[in-house]
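This is what each chain is made of:
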Amino acid sequence: MLDHELIDLVGAAHSIVVLSGAGVSAESGIPTFRDALTGLWARFNPEELATPQAFSKDPRLVSRWYDERRCNVLKCRPNAGHFVLAQLEKAFQEKNRPFTLITQNVDRLHQAAGSQNVIELHGNLFTWRCVDCGKERDENGLAFDEHPPRCECGGLRRPGVVWFGEALPGEALLKAQRASGRCALFMSLGTSSVVYPAAALVDLALQNGAKVLEINPEQTPLSRRAHWSLRGKCGKTLPDLISRAGN
Ligand code: BJW
Ligand code: ZN
């Protein structure tokens, strides 16, 4: 049962910030970050692979993991949750109201669904960057022949994602923080809310008096602080809510 105050707020909010996490893409067939790894990768811990130290120690292993994930994502399509967020952005643009989509996801499915302004906090799987000269290249095709792939300068290329211990892209983080500190409604969708600084954006919203909605099948550290914490999947709960709100 959806709360009437929430439905009215989604319809009337002067500005919305959405923070999305891996759960939003789960219904597209992309495993969440903390899902147990399967097959060849079952003996690895994702939190240990997603580090600069892992890449330094075994660049071939880390490159193979990211390249396999990149190729899997290329076979996946956005789901109803992604599409309804793209519609919501459009509806807000038409009403001249601010709408900001901040994602921790590296799969670019929001863009594939038609979202135009996406703040990528943790980079993406498709822009591989040379560790020596910094040159970036977009990779949307077949799996690499060599791991890690090499730059023209001979340097190793790495995925353009943000690993543990690395700084987030400064401009993206600043935009995300500004929007979070100004919004009327902050939606935390499909994220475990344990990875910082993304998990601290909601604090900026709460300090500014924003209402907070979480959608997640599981409880998270945010659940008790959110005004609404809906136990459900984004691909169903979110379109239900948005259609009831008339956006
Ligand atoms: C569904 C669903 C459905 C399922 N519908 N829901 C403060 C306190 C403590 C630690 C720190 C701190 N500040 C910084 C740190 C350290 C660290 C950190 O946060 N560690 C914690 C784990 C303790 N943070 C960092 O290191 C960050 N860097 C940093 O702070 O740098 C400082 C610095 C400054 C200046 C110079 C140098 C350094 C970087 C963080 C980078 C995170 N990167 C990753 C990997 C990206 C590449 C890759 O994908 O491999 O980003 S980690 C991983 O976690 C990935 C995700 O974007 C991110 C968040 O995960 P997410 O999206 O929440 O996914 P899951 O799997 O955790 O959860 C999925 C959820 O979906 C679950 O809750 C399910 O229930 C739910 N779900 N189906 C809705 N259908
Ligand atoms: Zn190079």
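Above this text you will find the structure in question.
What you see as residue numbers is a count from 1 along each chain, following the sequence as written. Note on labels: chains are lettered from A, ligands numbered from 1, in written order. The model is predicted, so local features are restricted to residues of pLDDT at least 70 and side-chain atom pairs to those at 80 or more, both for listing and for counting; the totals for chains, interfaces and linings are taken over all residues. Derived side-chain values reflect all non-hydrogen atoms in the structure, with water molecules and hydrogen atoms excluded from consideration.

> Tell me what's going on with the sheet that holds strand E2 (residues 99-103), and back it up with residues and numbers.
Strand order in the open sheet formed by six strands is E3-E2-E1-E7-E8-E9, and the pairing between neighbours is parallel. Looking at the sheet topology across the chains shown, the edges are occupied by strand E3 (118-120) and strand E9 (228-230). Across this sheet, the average inter-strand angle for adjacent strands is 15 degrees, counted without regard to direction. Two strands make a pair as long as DSSP finds a minimum of two bridges between them. Comment: elements are numbered from the N terminus, with helices defined as DSSP H or I runs of at least four residues and strands as E runs of at least two. Both strand E8 (residues 211-215) and E9 contribute to a ladder of three bridges, which runs parallel. Axis definition: a line fit to C-alpha positions, over the contact stretch in the case of helices; interaxial angles, taken between N-to-C directions, run 0 to 180 degrees.

> Which residues make up the packing of aromatic side chains, and what values do they have?
Aromatic contacts are taken between Phe, Tyr and Trp rings whose centres are within 6.5 Å, Trp giving its six-membered ring; a plane angle under 30 degrees counts as stacked, one over 60 as edge-to-face, and the others as tilted. Under the definition given, this model contains seven aromatic pairs. Where Trp 65 meets Tyr 66, the ring centres are 4.8 Å apart and the plane angle is 70 degrees; that geometry is what we call edge-to-face. When sorted by exposure, Trp 65 lands in the same class as Tyr 66, which is buried. Judged by centre distance (4.8 Å) and plane angle (80 degrees), the rings of Trp 128 and Phe 144 are edge-to-face. Highlighted residues: Trp 128 in strand E4 (residues 123-130) and Phe 144 in the loop between strand E5 (136-138) and strand E6 (157-161), separated in sequence by 16 residues. Here Trp 128 matches Phe 144 in class, with each residue buried. Within the aromatic cluster, the residues linked to one another by ring pairs are Phe 55, Trp 65, Tyr 66 and Trp 163. Here, a charge over a ring is recorded when the distance from Lys NZ or Arg CZ to the ring centre is within 6 Å and its angle to the ring normal is within 35 degrees. Directly above the aromatic system of Trp 65 lies the positively charged group of Arg 69, at a separation of 4.5 Å from the ring centroid. Residue burial is assigned from relative accessible area. The probe radius is 1.4 Å, only protein chains are included, and a residue is buried under 20% of its type maximum, exposed over 50%, and partly exposed in between.

> Would you mind going over the site of ligand 1 in detail, with residue names and values included?
For this purpose, a residue is taken to be near a molecule or strand whenever a single non-hydrogen atom of the residue falls within 4 Å of it. Surveying the vicinity of ligand 1 reveals 33 residues, the closest of which are Arg 34, Tyr 66, Gly 165, Thr 191 and Ser 192. What qualifies as a polar contact is a pair of N or O atoms within 3.5 Å, subject to a donor-acceptor requirement within protein and to the restriction that residues adjacent in sequence count only when both atoms come from side chains. Contacts to ligand 1 include Ala 22, whose backbone N or O atom sits 2.8 Å from an oxygen atom. The backbone of Gly 23 places a nitrogen or oxygen atom 3.4 Å from a nitrogen atom of ligand 1. Only the protein chains shown count as covering a residue, and every accessible area follows the Shrake-Rupley method with a 1.4 Å probe. Burial of ligand 1 by the surrounding chains reaches 73%, relative to a free accessible area of 1,500 Å². Listed by contribution, the elements that provide at least two residues to the shell around ligand 1 are helix H2 (23-26) and helix H5 (59-74). A class-by-class count of the residues in the shell around ligand 1 yields 17 nonpolar, ten polar and six charged. Note on residue classes: Ala, Val, Leu, Ile, Met, Phe, Trp, Tyr, Cys and Pro are nonpolar, Asp, Glu, Lys and Arg are charged, and everything else, Gly too, is polar.

> Describe in detail the nonpolar core, supporting the description with residues and values.
Core analysis: the biggest nonpolar cluster contains 29 residues, and Ile 16, Met 187, Leu 189 and Leu 213 have the highest contact counts within it. Every element with two or more residues in this core is listed here: helix H1 (4-12), strand E1 (16-20), helix H6 (80-94), E2, strand E7 (185-189), E8, E9 and helix H10 (234-245). Top element by residues in this core is H10. It accounts for five residues. Those residues within four positions of Leu 213 in sequence are excluded, and the remaining contacts are Leu 6, Leu 185, Phe 186, Met 187, Ser 188, Trp 228, Leu 230 and Leu 241. Take the buried Ala, Val, Leu, Ile, Met, Phe, Trp, Tyr and Cys residues and link them wherever side-chain atoms come within 4.5 Å; each set so joined is a nonpolar core. Core analysis: the second largest hydrophobic core is formed by 21 residues, Ala 50, Val 62, Val 106 and Phe 126 among them. Note on definitions: a residue-residue contact is assigned when non-hydrogen atoms from the two residues lie within 4.5 Å.

> Talk me through the coordination of the zinc ion (ligand 2); I want residue IDs and the actual numbers.
Of the protein atoms, only Cys 130 (SG), Cys 133 (SG), Cys 151 (SG) and Cys 153 (SG) coordinate the zinc ion (ligand 2), at distances of 2.3 to 2.4 Å. One way to put it: the four donor atoms around the zinc ion (ligand 2) meet at angles of 103 to 122 degrees, and that makes the site tetrahedral. Coordination shells were defined by N, O and S atoms within 2.8 Å of each metal, extended to 3.2 Å for Na, K and Ca; water is absent from the atom set, which can make sites look incomplete. In the primary structure, the donors to the zinc ion (ligand 2) are separated according to the pattern C-x2-C-x17-C-x1-C. Placement of the pair is Cys 133 in the loop between E4 and E5 and Cys 151 in the loop between E5 and E6, with a sequence separation of 18 residues. Note on geometry labels: four donors, all angles 85 to 135 degrees, give tetrahedral; four donors become square planar and six octahedral when opposite donors are over 155 degrees apart and every other angle is between 65 and 115; remaining cases are irregular.

> So, H1: which residues are in play, and what are the values?
Because the α-helix completes a turn every 3.6 residues, residues three or four places apart line up on one side. Within the sequence span of H1, burial applies to Leu 6, Ile 7, Leu 9 and Val 10. An end-on view of H1 places all buried positions within 165 degrees of arc, on one side of the element. Facing away from the buried side of H1, by more than 90 degrees, are the exposed residues His 4, Asp 8 and Ala 12. The secondary structure elements touched by the buried residues of H1 are E1, H6, E7, E8, E9 and H10. Each direction from the helix axis to a C-beta atom contributes to the arc, which is the arc of those directions.

> Outline H6, supporting the account with residue identities and numerical values.
Any helix carries an expected span of 1.5 Å times its number of residues minus one. Over its 15 residues, H6 runs 21 Å from end to end, which matches the ideal 21 Å to within 8%, given 1.5 Å per residue. Looking one or two residues past H6, Asn 96 carries a phi angle of roughly 60 degrees, positive in sign.

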